[in-house]
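Breakdown of the fold
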Amino acid sequence: MSKQALITGITGQDGAYLAQLLLQKGYEVHGLVARRGSDHPLWRLDELGICDQLRLIDGDLTDLASIVRALQQSRAEEVYNLGAMSFVGTSWNQPLLTAQVTGVGAANVLEALRLVNPTARFYQASTSEMFGLIQAERQSESTPFYPRSPYGVAKLYGHWLTVNYRESFGLHASSGILFNHESPLRGLEFVTRKVTDAVARIKLGKQRELRLGNIDAKRDWGFAGDYVEAMWRMLQQDKPDDYVIATGRTTTVRDMCRIAFEHVGLKMDDHLIIDPAFFRPAEVDVLLGDPAKAESRLGWRATTSLEQLIVMMVEADLRRLSGG
Ligand code: GDP
C-alpha cells in the first residue's frame, strides 16, 4: 500500500516540487486546489509533467469543511500546509485576506486534523520573514521573531499555532522556517524571477530595462527543489520539531542581479533602473539563516549555489521566451 499525502498549495512553487518528490518516493499525492484568480493554475504541475499523476481536490484554506473533506477523501498520513497568500509586497494591499488565508488557513488545517485524523503528521510552511527586523546576525530556531509585514505576522500566527497544537494535543506537527527559496517555477512577482525573466527578455531584444526597488536588501537564497526534501525529512523524524532551512550565505539583490546579467554577457548598469514604486512600507534589510540543526538532525544541507540557481532560472526563461 502506498502512503497517502495531502498538500495544500500544490499549485505553488513548493507544492509542485514537493508533489514531484513524493511521487518519486511512491506516495499517492492529493492536492487541495483553490480555483480562483490565476488563469492557468496548474501550469507548474504541467511543466513538471506530473498533472495526471495527482489527485486534485477542490477546496480552500479558508473553508474548514473543504479541508475536512480533503482529509477524509485522501486519508492522508502526511499533510503539508504550503497554501498561503505568499507575496510580501501584496500583503500590505490585502492584509485581511492574508490573515485569513495564511494565518487562519493554518488554524483550519490544524483543527481539521485534530477532528478527523490526529495521528497524521503535519508540516507547516513557516518563513524567514518572521525574523523581519533581525534580532541576531544569523537567525536560528532560537532567534526572537520580529515580523515586518502583514505576511510575516500571519505566518507567525500559523507557526505558533503549530507549536501549540504539538504541545497541547500531541500532534506530530513540525514547522520549517524556510529562508527564501527560488526556482524556474517562482512567480514573476518575486525579485529573483523578475530579474531572470527580464534578463532573458533583454537578451532576446524584447525589453530594454529592468526596474527594481531596494537592491541593497540581502537574502539567503536557496533552490526550492533542495528545500522540499527538508520538509519531507522533518515528517520522517520520530519527534516533531522546528527547523531553520537555509544556505547560510547572504547576498544583496544587486549582486544576485549582476550574476544574471553576466551570465548572458550583458552589463547590469546599462539596463537597471531604480524605481521608488518597488520600495516597501517596511523592509526586511537582511536575512541570513543558520541551518546547523537541520544539518545535524535531518542530515540536510543546501546543495545548489546561488550562481547555479540563477543560471538555471535565466536558462529556463530564455527557453520559455524562445518557445523551446
Ligand atoms: P521576500 O523576501 O519574500 O520579500 O522576497 P522578494 O523576492 O519579493 O523580495 C526580496 C527583496 O528584494 C526584498 O527586500 C525586496 O524589497 C527587494 N526588491 C527590490 N526590488 C524588488 C522588486 O522589484 N520586486 C520584488 N519583489 N522585490 C524587490
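Remember, predicted model here, so these are calculated numbers, not experimental data.

**A word on the domain arrangement of the protein**
According to the domain assignment, the protein consists of domain 1 (4-181 + 221-245) and domain 2 (184-219 + 250-287 + 304-321). Across the boundary between the two partners, domain 1 contributes 26 residues, which contact 26 residues of domain 2. The junction of domain 1 with domain 2 conceals about 2,300 Å² of combined surface from both sides, 63% of it contributed by carbon and sulfur atoms. The tally of links between domain 1 and domain 2 comes to two salt bridges. In this structure, Arg219 and Glu129 form a salt bridge, with 3.9 Å as the shortest nitrogen-oxygen distance. Linking domain 1 with domain 2 are five residue pairs in polar contact (both at pLDDT 80 or more).

**Remarks on helix H5 (residues 95-116)**
Given a rise of 1.5 Å per residue, 22 residues ought to cover 32 Å, and the 30 Å separating the end C-alpha atoms of H5 matches this to within 8%. The largest bend in H5 amounts to roughly 35° and is located at Val104. Those residues of H5 that fall on the buried side of the exposure criterion are Thr98, Val101, Thr102, Gly103, Gly105, Ala106, Ala107, Asn108, Val109, Leu110, Ala112 and Leu113. Those residues of H5 hidden inside the fold are in contact with strand E1 (4-8), helix H3 (64-74), strand E4 (78-81), helix H4 (88-91), strand E5 (121-127) and helix H6 (150-169).

**A look at the sheet that holds strand E6 (residues 172-178)**
Paired through their backbone hydrogen bonds, the strands of a sheet run either parallel or antiparallel. Strand order in the open sheet made by the seven strands is E3-E2-E1-E4-E5-E6-E11, with parallel pairing throughout. Each edge of the open sheet carries a strand with a single partner, namely strand E3 (55-58) and strand E11 (242-245). Looking at each pair of strands side by side, their axes are set apart by 20° on average, direction ignored. Here E6 pairs with E11 via four bridges, running parallel. Within the sheet, the bridge partner assigned to Leu178 lies in E11 and is Ile245. In this fold helix H1 (residues 13-24) packs onto E1, strand E2 (28-33), E4 and E6, with an angle of close to 170° to the strand it touches most, E1.

**As for the site of the ligand**
What surrounds the ligand is a group of 19 residues, the closest being Lys194, Gly213, Arg219, Arg280 and Glu283. Between an oxygen atom of the ligand and a side-chain N or O atom of Arg219, the distance comes to 2.7 Å. Contact distances for the ligand include 2.6 Å between an oxygen atom and a side-chain N or O atom of Glu283. Across the complex, the protein chains shield 97% of the 530 Å² of accessible surface that the ligand would expose by itself. Secondary-structure elements contributing two or more residues to the shell around the ligand are helix H7 (191-203) and strand E8 (210-212). Of the residues belonging to the shell around the ligand, the class tally is nine nonpolar, three polar and seven charged.

**Let's talk about H3**
Among the residues of H3, those classed as buried are Ser66, Ile67, Val68, Ala70, Leu71 and Ser74. Looking at the buried residues of H3, the elements they touch are E1, E2, E3, E4 and H5. Remark: Arg75 follows H3 within two positions and exhibits a positive phi of approximately 50°.

**Quick notes on the pairing of E6**
E6 sits mainly inside the fold: seven of its seven residues count as buried. Across the two faces of E6 the burial is the same, with His172, Ser174, Gly176 and Leu178 and Ala173, Ser175 and Ile177 all buried. The pairing of E5 with E6 spans seven bridges and is parallel. Paired with Ala125 across the strands is Gly176, a residue of E6.

**Brief notes about the confidence of the model for the protein**
Here the protein averages 96 in pLDDT, while 99% of its residues score no lower than 70. For this predicted complex, the interface confidence reaches an ipTM of 0.99, while the overall pTM sits at 0.97.

**Looking at the packing of H3 against H5**
Interhelical geometry of H3 versus H5 gives an angle of 50° and a closest axis separation of 9 Å. The orientation of H3 relative to H5 falls into the category oblique. Here the hand of the crossing between H3 and H5 comes out right-handed. Judged by residue contacts, Leu64, Ile67, Val68, Leu71 and Gln72 of H3 engage Asn108, Val109, Glu111, Ala112, Leu113 and Val116 from H5. Taken together, the residues of the contact of H3 with H5 break down into eight nonpolar, two polar and one charged.

Parameters and conventions
Residues numbered from 1 in each chain as written. Predicted model: local features only at pLDDT ≥ 70, side-chain atom pairs only at ≥ 80, totals over all residues. Heavy atoms only, no water. Domains from an automatic or database assignment. Contact = heavy atoms within 4.5 Å. Buried area = accessible area lost by both parts, 1.4 Å probe. Salt bridge = Lys/Arg side-chain N within 4 Å of Asp/Glu carboxyl O. Polar contact = N/O pair within 3.5 Å; in protein donor to acceptor, adjacent residues only side chain to side chain. Helix = DSSP H or I, 4+ residues; strand = E, 2+ residues; numbered from the N terminus. Expected span 1.5 Å × (residues − 1). Bend = angle between axes of the 7 residues up to and from the residue. Buried < 20%, exposed > 50% of the residue type's maximum accessible area, 1.4 Å probe, protein only. Pairing = 2+ DSSP bridges. Axes fitted to C-alpha atoms, helices over the stretch in contact; angles between N-to-C directions. Near = heavy atom within 4 Å. Areas by Shrake-Rupley, 256 points an atom, 1.4 Å probe, with all protein chains shown as cover. Nonpolar A, V, L, I, M, F, W, Y, C, P; charged D, E, K, R; others polar. pLDDT = per-residue confidence, 0-100. Parallel < 35°, antiparallel > 145°, perpendicular 65-115°, else oblique. Left-handed = near helix turned anticlockwise from the far one by under 90°.

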